[in-house]
Amino acid sequence: MATAFFRTNPALLPLFVAAGAGIFGGVGYAGYTLAKSPEVVVNRITPQQPWNKIKQHENPKLITINKEFFESRKGVKNANYNSSTNDS
């Protein structure tokens, strides 16, 4: 049934492919955000501030430009951004 429809209207195939990819991408990103993002709290049993569990060297971002920054934070004792340059 669908193959017969697309054989008679082949110009509509890119439209359905693009719309399907957009819907799949939107639903996939929403699912990823619900599952992995520290800003979204779905479970009410666990502590309500999951962003406080993120360590200094962990990166919760989807895309990271400066990956070396998080690698350099592994051994830092002080949580300030400029802890290596500002020791006072």
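Residues numbered from 1 in each chain as written. Predicted model: local features only at pLDDT ≥ 70, side-chain atom pairs only at ≥ 80, totals over all residues. Heavy atoms only, no water.

- By the naming in an unreviewed UniProt entry, the chain goes by NADH-ubiquinone reductase complex 1 MLRQ subunit and is assigned to Rhizophagus irregularis.

Concerning the UniProt feature "transmembrane region" (unreviewed entry) in the chain
- Under the UniProt annotation, the feature "transmembrane region" (unreviewed entry) is placed at residues 12–35.
- Helix makes up 96% of residues 12–35 and strand 0%. Its end C-alpha atoms lie 35 Å apart. (UniProt positions renumbered as here; feature names shortened; annotations may be inferred. Helix = DSSP H or I, 4+ residues; strand = E, 2+ residues; numbered from the N terminus.)

Comments concerning the packing of aromatic side chains
- The final tally for this structure, using the stated rule, is three aromatic pairs.
- Plain terms: the ring middles of Phe 5 and Phe 6 are 5.4 Å apart, the flat faces sit at 70° to each other, and that makes the pair edge-to-face.
- Since its relative accessible area comes to 35%, Phe 5 is described here as partly exposed.
- What links up through ring pairs into an aromatic cluster is the set Phe 5, Phe 6 and Phe 16. (Phe/Tyr/Trp six-rings, centres within 6.5 Å; stacked < 30°, edge-to-face > 60°. Buried < 20%, exposed > 50% of the residue type's maximum accessible area, 1.4 Å probe, protein only.)

Thoughts on a nonpolar patch on the surface
- A cluster of nonpolar residues, Tyr 29, Tyr 32, Leu 62, Ile 63 and Ile 65, forms a patch on the protein surface that exposes about 610 Å² of accessible area.
- Note that Ile 65 resides in the loop between helix H2 (13–36) and helix H3 (67–72).
- Residue class for Ile 65 comes out exposed when judged on its relative accessible area of 82%. (Patch = residues over 30% accessible without salt bridge, like charges linked within 9 Å, V, L, I, M, F, W, Y side chains within 5 Å. Areas by Shrake-Rupley, 256 points an atom, 1.4 Å probe, with all protein chains shown as cover. Salt bridge = Lys/Arg side-chain N within 4 Å of Asp/Glu carboxyl O.)

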